[in-house]
Amino acid sequence: MRSARTIAMVVYEFPKIAQTFIVSKFLGLRKLGWDAHIMCNRSNPTSWELFTELPAAAELTNVIHISANREAQLLKLDPDIIHFEFDSLAFGYSHLKELLHSKIIMSVRAHDVGYLRPGQEHRYQEIWSHLDALHLVSKAIWRHARAQGCPKTLPHFIIPII
C-alpha cells in the first residue's frame, strides 16, 4: 500500500529548457508529499545541468521513466492520477482510466484544440468523456475546447503560464 498519492506527469522530454514550469510542478508536488513521476520518451543529459534545483538524474531513476512505451510505463506504475501535460499526448490512452481506475487530467496550452484539419473534426471526442479535469491557459482555449465538443460540465481550470 502506498503512503502518498501517485501522479504520473506525461511529457515528451524531461527536463526541457522551454518547459521550466514542468520541472517546477514536479518538484513542488514532491515537496508537498506527492509521489510524483515523470513519464517521457527522452531525456537530454546536458539539460540536467541547466536545472540546478533538480537532484542529479541518478537520484531520480525510480521516478523518471524514459521509454517510448508509455502505456507499459503507466500500467507498471498504476498511478492515482495521470496528467497528460500536452493534449497531443493523451490520444490513444483514454482506456487507461477504466483499466487503472486512475483520474485523468489533460493540459491544453496552445490553440491546437481549435485548429483541426479536415477529417479530424471528431479527434477530441475520444478524450472528453474520459477526463476528470482539464487545465487550460486561457479562456480563448476553453472556448476552442467547447467548440470541439468538450462538455461545459467538465471541471476545468484556467491557469495562465507566467
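Residues numbered from 1 in each chain as written. Predicted model: local features only at pLDDT ≥ 70, side-chain atom pairs only at ≥ 80, totals over all residues. Heavy atoms only, no water.

1. Overview of the environment of Lys 31
The cut-off we apply is this: By the criteria applied, helices consist of DSSP H or I runs no shorter than four residues and strands consist of E runs no shorter than two, each listed in order from the N terminus. Working definition: with a 1.4 Å probe on protein chains only, accessible area under 20% of the residue-type maximum means buried, over 50% means exposed, and in between means partly exposed.
Within the fold, Lys 31 resides in helix α1 (residues 20-31). For Lys 31, a relative accessible area of 78% puts it in the exposed group.

2. Section: the pairing of strand β1 (residues 6-10)
The condition is simple: Between any two strands, pairing holds if DSSP finds at least two bridges.
The element β1 is extensively covered by neighbouring structure, given that five of its five residues are classed as buried. Neither face of β1 is exposed, since Thr 6, Ala 8 and Val 10 on one face and Ile 7 and Met 9 on the opposite face are all buried. Where β1 lies against strand β4 (residues 81-84), four bridges are found, and the strand directions are parallel. Within β4, the position partnered with Val 10 by the bridge is Phe 84.

3. A word on the sheet that holds strand β5 (residues 103-108)
The line we're drawing: For helices, the axis comes from a line fit to the C-alpha atoms of the stretch in contact; other axes are also lines fit to C-alpha atoms, and the angle between any two N-to-C directions lies between 0 and 180 degrees.
Strand order across the open sheet formed by seven strands is β3-β2-β1-β4-β5-β6-β7, with parallel pairing between neighbours. Every other strand in the sheet has two partners, leaving β3 (64-66) and β7 (156-158) as the edge strands with one partner each. Neighbour-to-neighbour, the strand axes of this sheet turn through a mean angle of 20°, independent of strand direction. Looking at chain direction, β4 and β5 are connected through four bridges and run parallel. When the bridges of β5 are listed, Ile 81 appears paired with Lys 103.

4. Structural notes on unusual backbone geometry
Put simply, Phe 14 and Pro 15 share a cis peptide bond, and its omega is -15°. Residue placement: Pro 15 occurs in the loop between β1 and α1. For Asp 78, which is not glycine, the phi dihedral falls at a positive 55°. Along the polypeptide, Asp 78 turns up in the loop between α3 (70-77) and β4. Assessed through its relative accessible area of 33%, Asp 78 is described here as partly exposed. Positive phi values are uncommon outside glycine, yet His 101 reaches one of about 60°. Note that His 101 resides in the loop between α4 (96-100) and β5.

5. Focus: the confidence of the model for the protein
Filter applied, for reference: Values of pLDDT, the confidence the predictor places in each residue, fall between 0 and 100.
Of the residues in the protein, 92% reach a pLDDT of 70 or more, and the chain-wide mean stands at 89. Ranking the elements of the protein by mean pLDDT puts helix α5 (residues 125-128) last, at 88, and β1 first, at 98.

6. Comments concerning the side chain of Arg 70
Short version of the rule: In this tally, Asp and Glu contribute negative charge and Lys and Arg positive charge; neither His nor the terminal groups of the chain are included. Any carboxyl oxygen of Asp or Glu within 4 Å of a side-chain nitrogen of Lys or Arg constitutes a salt bridge here.
Its location among the elements puts Arg 70 in helix α3. Among buried Asp, Glu, Lys and Arg side chains, Arg 70 stands out as unpaired, with Glu 71 the closest opposite charge at 9.2 Å.

7. Some words on α3
We apply this condition: Each C-beta atom gives one direction from the helix axis, and the arc is the one those directions make.
Taken as a whole, α3 has its buried residues at Arg 70, Gln 73, Leu 74 and Leu 77. The buried residues of α3 occupy one face: seen down the axis, they fall within an arc of 95°. Of the residues flanking the end of α3, it is Asp 78, one or two places downstream, whose phi is positive at about 55°.

8. Observations concerning the packing of aromatic side chains
The test is simple: Each Phe, Tyr or Trp ring (for Trp, its six-membered ring) is paired with any other whose centre lies within 6.5 Å, and the angle between the two planes then decides the class: stacked below 30 degrees, edge-to-face above 60, tilted in between.
One pass over the structure, following the stated rule, counts six aromatic pairs. A centroid spacing of 5.5 Å and a plane angle of 70° characterise the contact between Phe 14 and Phe 26, whose relative ring orientation is edge-to-face. Remark: Phe 26 occurs in helix α1 and Phe 14 occurs in the loop between β1 and α1; sequence separation between them is 12 residues. The buried category is assigned to Phe 14, whose relative accessible area is 1%. Measuring from centroid to centroid gives 5.2 Å for Phe 91 and Tyr 124, while their planes differ by 65°, and the two rings are edge-to-face. Of this pair, Phe 91 sits in the loop between β4 and α4 while Tyr 124 sits in the loop between β5 and α5, and the two are 33 residues apart along the sequence. Linked through ring pairs, Phe 14, Phe 26 and Trp 48 together constitute an aromatic cluster.

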